[in-house]
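Structural overview
The primary structure of each chain is shown beneath.
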Amino acid sequence: NIQQLRSMARKLKRTRGLDVLMVDYIGLMSGIPGKKYGETRVYETQDITTGLKSLAKELDIAVVALAQVNRGSDPKRPPTMRDLRDSGSIEQDADIVAFIHRPIQEQPELGENFQNYALLRLAKNRQGATGDVHLFYRGEITGFEGWAGGPPREPIAAEQKTGRFTKKGMDF
């Protein structure tokens, strides 16, 4: 729970030093012990994100917390803030919200051009710019590097290769 995590982080900072705390992932955490949250997870998530934010300030560390996107989000497009599960408090407390999207995972037909492509979308950044960063995904180490050039292009459909397009039953 959030109180146990805070206690462990304080001890680590004091005994060994601590610069970055990674939380994988906040969906597995629970809020304040003994506090009744009812059937909804929203208020519990709020206690967790508020606790992580105050811990980061107290210990002067970076906290990286992973969160899940909603099942109803469209897997063919990069996620947005509204796709975050229990997003209100995550969005409010986070200084940076970033999403990693690998189109090939849901659309294998995209082909080899997309095999190592990943999109990092900076949806929120209190201290700077937001936008997209194109990355090279290295699956053997689950790592990312800079992507050279622009994003890959989707393969051209067979109708487009032949120069024949159909719209409302008419050929062009």
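Please refer to the structure higher up on the page.
Let me begin by describing the structure that accompanies this report. Remember, predicted model here, so these are calculated numbers, not experimental data.

Another point: the overall build of the protein chain. In terms of regular secondary structure, the protein chain is built from 4 helices and 8 strands. Taken across its 172 residues, the protein chain has 30% of its residues classed as buried. Sequence separation of at least 24 residues holds for 48% of the intrachain contacts in the protein chain that already meet a minimum separation of 6.

Among the surface-exposed residues, V20, M22, V64 and L66 lie close enough to one another that they form a single nonpolar patch of about 340 Å² accessible area. Position of M22 among the secondary structure elements: in strand β1 (residues 20-23).

On to the side chain of K53. Considering the arrangement of structural elements, one finds K53 in helix α2 (residues 42-59). Looking at K53, its side chain comes within polar contact range of the main-chain oxygen of D93, at 3.2 Å. K53 has contacts with D93, D95 and R126, leaving out every residue within four places of it along the chain.

A separate point is the nonpolar core. Core analysis: the biggest nonpolar cluster contains 19 residues, and L5, L21, V23 and L52 have the highest contact counts within it. Of all the elements in the fold, those that place two or more residues in this core are α1 (2-15), β1, α2 and β3 (96-101). With 4 residues, α2 is the single largest residue contributor to this core. If sequence neighbours within four positions are ignored, L21 has contacts with L5, A9, L55, I61, A62, V63 and V64. Membership of the second largest hydrophobic core comes to 5 residues, among which are I104, F114, Y117 and L119.

What follows covers the sheet that holds β3. The strands making up a sheet are joined through hydrogen bonds of the backbone, oriented either antiparallel or parallel. An order of β3-β4-β5-β6 is seen for the 4 strands of this open sheet, with the pairing classed as antiparallel. Pairing within the sheet leaves two strands with one partner each, and these edge strands are β3 and β6 (143-146). Neighbour-to-neighbour, the strand axes of this sheet turn through a mean angle of 40 degrees, independent of strand direction. Here 6 bridges tie strand β4 (residues 117-125) to strand β5 (residues 131-138), and the two strands are oriented antiparallel to one another. Following the sheet pairing, A118 is matched in β5 by L135.

Estimated volume of the largest pocket: approximately 1300 Å³. For the largest pocket, the lining is made up of 38 residues, of which A65, L66, A67, V97 and A98 are closest to its centre. Among the elements of the structure, α2, β2 (62-65), α3 (87-93), β3 and β4 are those that each provide at least two residues to the lining of the largest pocket. Grouping the constituent residues of the lining of the largest pocket by class yields 25 nonpolar, 4 polar and 9 charged.

What counts as what
Residues numbered from 1 in each chain as written. Predicted model: local features only at pLDDT ≥ 70, side-chain atom pairs only at ≥ 80, totals over all residues. Heavy atoms only, no water. Helix = DSSP H or I, 4+ residues; strand = E, 2+ residues; numbered from the N terminus. Buried < 20%, exposed > 50% of the residue type's maximum accessible area, 1.4 Å probe, protein only. Contact = heavy atoms within 4.5 Å. Patch = residues over 30% accessible without salt bridge, like charges linked within 9 Å, V, L, I, M, F, W, Y side chains within 5 Å. Areas by Shrake-Rupley, 256 points an atom, 1.4 Å probe, with all protein chains shown as cover. Salt bridge = Lys/Arg side-chain N within 4 Å of Asp/Glu carboxyl O. Polar contact = N/O pair within 3.5 Å; in protein donor to acceptor, adjacent residues only side chain to side chain. Core = buried A, V, L, I, M, F, W, Y, C linked by side-chain atoms within 4.5 Å. Pairing = 2+ DSSP bridges. Axes fitted to C-alpha atoms, helices over the stretch in contact; angles between N-to-C directions. 1 Å grid on protein atoms, 1.4 Å probe; cavity = no way out; pocket = protein on both sides within 12 Å on 5 of 7 lines; lining within 4 Å. Points joined across faces, edges and corners; volume = space filled by probe spheres on them. Nonpolar A, V, L, I, M, F, W, Y, C, P; charged D, E, K, R; others polar.

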